[in-house]
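# A closer look at the structure
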Amino acid sequence: MGHYVTPSHYFMKDITVADLKSIKVFQDVPDDQLQWMIDRSRHYELPEGEMMTSPGEPLKGTHVIISGRIELYRIQNNAKLFIAELLPGTVTGVLPFSRGKVGVAYGQCTALTQIMTFPVELMRELIISHYELTQALVIVMTSRVREFTELEQQNEKMMALGKLSAGLAHELNNPAAAIVRGSVSLKKHLLLQPGAFKKLISIHLSPDEIELINAKMTEIMANTSRPVLSMMQRSEREDEILDWLDVNSIGECDDIAENIVEFGITEADLEELKSKINKDDFSPILLWINNNLTTERMVADIQEASKRIADLVGSVKTFTHMDRGGEKEVIDIHVGIKNTLTMLNYKLKKANIKVTEEFDLTLPHVKVMVGELNQVWTNLIDNAIDALENQPDPELRIITHRDKEFVKVSVCDNGPGIPVEIKNKIFDPFFTTKAIGKGTGLGLDVVMRIIKQHHGTVTLHTEPGKTEFLVCFPING
């Protein structure tokens with residue numbers, strides 16, 4: 001046997017039966033069987049940095065690590081995923097009855113490593129003629145399967161946790177930013193209040209007029225059944241109100257029409273108020289009412305964003321115990337979709353995306369896990385927004401309708417479509433085409449899992465210019 005002399009004058013060790021007996025795996029194997037294995041094995045050294053094995057390469061035999069160290073790892077999404085470190089005394093490679101023919105991971109020496117390799121061609125002879133040696137190696141194989149399964153599960157859990165925390169951080173960012181923006185706007189708005197108050201107290205109102213204005217204000221604030229309007233309908237209503245304000249010489253306020261539409265106030269309401277109040281006093285009173293509505297809206301937005309944070313934090317428990325399910329509630333499905341659009345509004349505006357809502361408002365309420373379903377809408381809408389980045393005339397269509405005992409929700413964008421080569425992978429766990437930090441991070445596999453919990457399905461239809469995710473689940477859960 002030739003000796004390889006290293007710069008430090010280290011000589012490769014000749015392997016004896018005693019050396020193998022010192023390894024726990026071989027301690028009960030008869031000496032003659034171990035000697036038979038030593039005589040038929042290849043004895044060699046690999047320098048630091050050299051590969052013992054690579055994915056796809058044919059397996060050469062059973063490796064016994066005599067000295068040195070080998071790092072076992074995979075490459076996943078262009079990142080190195082550490083699996084294990086093989087130390088002296090480790091038995092690896094082909095084992096009796098294993099079906100593996102090619103390597104599945106990289107095995108790189110992190111120090112000068114001496115290896116003894118029993119050739120795969122003699123494995124059949126070993127199994128037929130050497131019972132105890134075969135038995136010892138089979139025990140190695142069963143232990144390896146158990147350890148690798150545990151390791152894979154641990155890696156998946158860690159990756160899932162990483163994805164969940166990244167997604168949660170990203171999603172918390174939206175409502176947190178909304179609270180900051182809302183509180184800054186509210187502070188600025190409140191600074192303007194003294195001016196409006198000055199105008200109001202400079203007019204002389206009778207007790208009846210004060211009572212009337214107060215009753216109207218209470219009625220507006222108490223009205224919870226405000227109309228659910230599409231963006232197009234909202235825009236048309238605002239134009240009608242602006243025309244009415246123009247005819248009645250009410251100015252000085254940008255958001256007055258927006259507020260009047262938002263709170264469901266009609267021209268008839270305005271005419272009624274106008275008919276009971278002195279003509280000169282009407283404008284400052286309407287501006288004062290508008291100021292109160294603006295304050296109410298800002299507080300409601302901050303409240304909604306705070307609630308969303310609380311809901312998101314609460315739903316982490318359900319995400320981490322997905323198989324245990326959660327409490328289902330009976331809700332109007334449109335509320336969650338609208339809330340999601342509100343939360344992602346800054347992204348929609350930034351990308352100049354036209355949102356078309358085709359909602360079937362006759363849909364019955366559905367029994368669902370609200371927090372989880374909101375995650376579905378967030379994920380699908382966020383993906384659509386990313387797909388529409390830099391697209392001409394970007395449009396997002398959200399359609400809801402009933403199909404017998406099922407609710408169907410379609411999230412559709414006119415982006416470039418999903419390439420054929422990745423179409424079948426998009427529902428795989430941890431599959432992403434996005435850069436780190438982009439997207440919700442939770443992935444379509446979680447969307448699929450949540451909808452399966454609701455006994456439903458998610459299907460994809462895609463072509464250039466149209467990508468549709470269709471979510472379908474039963475009305476009664």
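Residues numbered from 1 in each chain as written. Predicted model: local features only at pLDDT ≥ 70, side-chain atom pairs only at ≥ 80, totals over all residues. Heavy atoms only, no water.

For the protein chain, the name recorded in an unreviewed UniProt entry is histidine kinase, with Dyadobacter psychrophilus as its organism. Of the comments in the UniProt record for the protein chain, the one headed Catalytic activity (unreviewed entry) reads "ATP + protein L-histidine = ADP + protein N-phospho-L-histidine." (UniProt positions renumbered as here; feature names shortened; annotations may be inferred.)

Here the focus is the overall build of the protein chain. Within the protein chain, the regular secondary structure consists of 14 helices and 15 strands. Long-range pairs, those at least 24 residues apart, make up 78% of the contacts in the protein chain with a sequence separation of at least 6. Of the roughly 26300 Å² that the protein chain leaves accessible, carbon and sulfur atoms contribute 56%. (Helix = DSSP H or I, 4+ residues; strand = E, 2+ residues; numbered from the N terminus. Contact = heavy atoms within 4.5 Å. Areas by Shrake-Rupley, 256 points an atom, 1.4 Å probe, with all protein chains shown as cover.)

Strand pairing within a sheet occurs via backbone hydrogen bonds; the two strands may be parallel or antiparallel. With mixed pairing, five strands are arranged side by side in an open sheet as β10-β12-β13-β15-β14. Only two strands of the sheet have a single partner each, and these edge strands are β10 (354–358) and β14 (457–463). Pairs of neighbouring strands in the sheet enclose a mean axial angle of 15 degrees, with direction left out of account. Bridge count for strand β12 (residues 395–403) against strand β13 (residues 406–413) is eight bridges, and the pairing is antiparallel. If you follow isoleucine 398 over to β13, its bridge partner there is valine 411. Those strands touched by helix α12 (residues 370–387) are β12, β13 and β15 (466–474), and its axis lies near 170 degrees from that of β15. (Pairing = 2+ DSSP bridges. Axes fitted to C-alpha atoms, helices over the stretch in contact; angles between N-to-C directions.)

Here we take up a negative patch on the surface. Negative charge collects at one region of the surface, where Glu236, Asp239, Asp243 and Asp246 lie side by side. Along the chain, the position of aspartate 243 falls in helix α6 (residues 231–247). Taking the relative accessible area as the measure of exposure, aspartate 243 reaches 52% and is therefore exposed. (Patch = residues over 30% accessible without salt bridge, like charges linked within 9 Å, V, L, I, M, F, W, Y side chains within 5 Å. Salt bridge = Lys/Arg side-chain N within 4 Å of Asp/Glu carboxyl O. Lys, Arg positive; Asp, Glu negative; His and termini not counted. Charge placed at Lys NZ, Arg CZ, Asp CG, Glu CD. Buried < 20%, exposed > 50% of the residue type's maximum accessible area, 1.4 Å probe, protein only.)

One pass over the full model with this rule turns up two aromatic pairs. When the ring of tyrosine 73 is compared with that of tyrosine 106, the centres are 5.3 Å apart and the planes differ by 20 degrees; the resulting orientation is stacked. Here tyrosine 73, found in strand β4 (residues 70–76), pairs with tyrosine 106, found in strand β7 (residues 106–109); they are 33 residues apart in sequence, far enough to count as distant. When its relative accessible area of 8% is taken as the criterion, tyrosine 73 is described as buried. (Phe/Tyr/Trp six-rings, centres within 6.5 Å; stacked < 30°, edge-to-face > 60°.)

Turning next to unusual backbone geometry. The residue asparagine 352 is not glycine, and still its phi comes out positive at about 55 degrees. Mapped onto the elements of the fold, asparagine 352 is located in the loop between α11 (345–350) and β10. With relative accessibility at 63%, the residue asparagine 352 sits in the exposed group. The backbone of aspartate 393 sits at a positive phi, close to 45 degrees, despite the residue not being glycine. Take aspartate 393: it is sitting in the loop between α12 and β12. For aspartate 393, a relative accessible area of 69% translates into the label exposed.

Let's shift gears to the nonpolar core. Ranked by internal contacts, the top residues of the largest apolar core, which has 38 residues, are Val376, Trp377, Ile381, Leu396 and Val471. Of all the secondary-structure elements, those providing two or more residues to this core are α10 (333–343), β11 (366–368), α12, β12, β13, α14 (443–453), β14 and β15. With seven residues, α12 is the largest single contributor of residues to this core. Aside from chain neighbours lying at most four places away, what touches tryptophan 377 is Ile333, Gly336, Ile337, Thr340, Val409, Val471 and Phe473. (Core = buried A, V, L, I, M, F, W, Y, C linked by side-chain atoms within 4.5 Å.)

Once that is clear, we can look at the sheet that holds strand β6 (residues 91–93). Ordered by their spatial adjacency, four strands build an open sheet running β1-β8-β3-β6, and the pairing between neighbours is antiparallel. Strand pairing shows two members of the sheet lacking a second neighbour, β1 (42–46) and β6, which therefore form its edges. Adjacent strand axes in the sheet meet at a mean angle of 30 degrees when their direction is disregarded. Summarising the sheet, β1 and strand β8 (residues 113–119) pair through five bridges and their orientation is antiparallel. When the bridges of β8 are listed, leucine 46 appears paired with threonine 113. Its contacts with the sheet place helix α2 (residues 31–40) against β1, β3 (61–67) and β8, and it is angled at close to 105 degrees to β8.

Opposite charge on two side chains permits them to pair, given that their charged atoms come into close proximity. Enumeration according to the criterion identifies 13 salt bridges in this entry. The partner of lysine 13 in a salt bridge is aspartate 19, and the shortest N-O contact between them spans 3.3 Å. Given the relative accessible area of 39%, lysine 13 is considered partly exposed. Between glutamate 358 and arginine 397 there is a salt bridge, and its shortest N-O distance comes to 3.0 Å. You can see glutamate 358 sitting in strand β10 and its partner arginine 397 sitting in strand β12, a full 39 residues away along the chain. Of the residues examined, glutamate 358 reaches a relative accessible area of 34% and is grouped as partly exposed. On the basis of relative accessible area, arginine 397 is assigned to the partly exposed category, the value being 29%. Several salt bridges converge on common partners, so that one network encompasses Arg237, Glu240 and Glu267.

Next up on the list: the side chain of asparagine 248. Its location among the elements puts asparagine 248 in the loop between α6 and α7 (256–262). Among the polar contacts made by the side chain of asparagine 248, one reaches the main-chain carbonyl oxygen of tryptophan 244 at a distance of 2.8 Å. (Polar contact = N/O pair within 3.5 Å; in protein donor to acceptor, adjacent residues only side chain to side chain.)

Taking 1.5 Å per residue, 18 residues should reach 26 Å; α12 reaches 26 Å between its end C-alpha atoms and fits that length. By the criterion of burial, α12 is predominantly enclosed, with 15 of the 18 residues buried. (Expected span 1.5 Å × (residues − 1).)

Now for the confidence of the model for the protein chain. Per-residue confidence for the protein chain averages 81 on the pLDDT scale, and 84% of its residues sit at or above 70. Taken together, the stretch residues 436–442 has pLDDT below 50 and engages in 23 contacts with residues farther than four places along the chain or on a different chain. (pLDDT = per-residue confidence, 0-100.)

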